[in-house]
Amino acid sequence: MIKTFALPIVFVLPAIAAAQSPKDQPPVTAGAPIVARQRLALTDLPPATGKPVMLFDGRSLKDWRPWLGYVDPAVTYRGDPENKPIGIARGGGGEDFAVRQVDGGPAIWIKGQTWGSLVHRADLANYHLRLQYKWGAKTWAPRDRQPPNNGLLYHTHGLPGEVFGTWQPSMEFEIMKGSTGMAVVVGGKVRARTTVVDDPSLIAPQLRFRVGGRPIDMVNGTPTWNVEAATDAERPIGEWNTLDLYVLGNRAVHVVNGIPVAEITDIATIAPDGTRQPLTHGRIQLQSEGAETWFRNITVEPIRRLPKIVVVKGAAVANAPSGSPKS
């Protein structure tokens, strides 16, 4: 039995919500001034207030629901009503999602060729989630010439395929080479706030998370639809990475291989009357978005407070160009 850390409240939003713009982003500006990245550390880790729960049992995907978007992912952002998403994954999802052995143990294998996601059935709130992932060997069109891309989506709600026929509205902990930990709002009715610095070394929207930076409201389809991670803490392709996601109510902290890279506040949905409603719980999705990916050791435990992010004084690293268009 899967333990849930929130009451199973159902959110109902309009049938189709806008998602990130698929338009080509401008290149890195030649000769742009260098912005020093903060070096951050995590302190005051919250103790678990209950036993950890395994979200992946190592044997099956019985608690995960697969969903697939379009046969041709290149049509995802067109909004063409003649194109219909695949929906509930063909053949139970085995062609796209499966449990396989890798590096001597079981893991969730995501092919990545067809875009979509695995959605876990547990409705979670106030938790620390930990998982490990690594990239596989294959990437697929239309992202075969871009950095490998996936994502951990949390506070998932709404209808399957509500966002471009492919994902459900949520907050995203980006998993993408060079940008893991980036914060993304998925769906036009999702909002979040964070603090940033303008970083010309990035592609648009050229925003990087910064402790004590300029506060912004993240809004899909606008120049604030995503915020790059404070730094690139991912390991080389082929190695396992550990992600820690701390969530308390409508706030979250993204951690990559022990290094905090983003802090999100005021996660919300926009109600039909235009009011902002705190988004404090939901399911998680593991994305499929163009790159073969492995996931293992997925656990969640309840917490009552968030860890703290501190700036390591006298320590900063210069930015290198990073980031890539993604959904």
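Calculation criteria
- Residues numbered from 1 in each chain as written.
- Predicted model: local features only at pLDDT ≥ 70, side-chain atom pairs only at ≥ 80, totals over all residues.
- Heavy atoms only, no water.
- Helix = DSSP H or I, 4+ residues; strand = E, 2+ residues; numbered from the N terminus.
- Buried < 20%, exposed > 50% of the residue type's maximum accessible area, 1.4 Å probe, protein only.
- Contact = heavy atoms within 4.5 Å.
- Areas by Shrake-Rupley, 256 points an atom, 1.4 Å probe, with all protein chains shown as cover.
- Polar contact = N/O pair within 3.5 Å; in protein donor to acceptor, adjacent residues only side chain to side chain.
- Core = buried A, V, L, I, M, F, W, Y, C linked by side-chain atoms within 4.5 Å.
- Phe/Tyr/Trp six-rings, centres within 6.5 Å; stacked < 30°, edge-to-face > 60°.
- Pairing = 2+ DSSP bridges.

## Structural notes on the overall build of the protein chain
1) Next: Scanning the protein chain for helices and strands turns up 0 helices and 22 strands.
2) Next: The proportion of buried residues among the 327 residues of the protein chain is 57%.
3) Next: Of the contacts formed within the protein chain by residues at least 6 apart in sequence, a portion of 74% connects residues at least 24 apart.
4) Next: Within the structure as shown, the protein chain displays about 13,500 Å² of accessible surface, and the carbon and sulfur contribution to it stands at 55%.

## Section: the environment of arginine 121
1) Next: Residue position: arginine 121 is located in the loop between β7 (116-120) and β8 (127-139).
2) Next: A C-alpha to C-alpha distance of 9.6 Å links arginine 121 and glutamine 285, two positions 164 residues apart in sequence.
3) Next: A polar side-chain atom of arginine 121 sits 2.9 Å from a polar atom in the side chain of aspartate 63.

## What to know about the nonpolar core
Inside soluble globular proteins, nonpolar side chains tend to come together where they are buried.
1) Next: Residues Ile108, Tyr154 and Leu286 are the most contacted members of the largest nonpolar core, which totals 59 residues.
2) Next: Ranked by size, the runner-up nonpolar core spans 11 residues in total, among them Val163, Trp167, Met176 and Val184.

## Notes on the packing of aromatic side chains
1) Next: Counted by the stated rule, this structure contains 5 aromatic pairs.
2) Next: With a centroid separation of 6.2 Å and an interplanar angle of 65°, the aromatic rings of tyrosine 77 and tryptophan 115 are classed as edge-to-face. Linking tyrosine 77 in the loop between β3 (64-68) and β4 (87-88) with tryptophan 115 in the loop between β6 (105-110) and β7, this pair joins segments that are 38 residues apart in sequence. For the pair formed by tyrosine 77 and tryptophan 115, the shared burial category is buried.

## Section: the sheet that holds β4
1) Next: Pairing is antiparallel in the open sheet, where 8 strands are placed in the order β4-β3-β7-β20-β9-β10-β11-β15. Edge positions in the sheet fall to β4 and β15 (226-227), since each has one partner strand and no second.
2) Next: Two strands pair when backbone bridges link them, and β7 and strand β20 (residues 283-288) are joined in this way by 4 bridges, in the antiparallel orientation. When the sheet's bridge partners are listed, leucine 118 is paired in β20 with leucine 286.

## Overview of the pairing of strand β17 (residues 251-256)
1) Next: Within β17, 5 of the 6 residues are buried, leaving the element largely enclosed by the surrounding structure.
2) Next: Here strand β16 (residues 241-248) runs beside β17; their pairing, made up of 6 bridges, is antiparallel. Across the sheet, residue leucine 243 finds its bridge partner in β17, namely valine 256.
3) Next: Here β17 pairs with strand β18 (residues 259-270) via 5 bridges, running antiparallel. Following the sheet pairing, valine 253 is matched in β18 by glutamate 263.

## So, the side chain of serine 170
1) Next: As for its placement among the helices and strands, serine 170 is situated in strand β10 (residues 170-176).
2) Next: A distance of 3.2 Å separates the side chain of serine 170 from the backbone oxygen of glutamine 168, its partner in a polar contact.
3) Next: Excluding residues that lie within four positions of it along the chain, serine 170 makes contacts with Leu153, Tyr154, His155, Thr156, His157, Val184, Val185, Val186, Val190 and Gln285.

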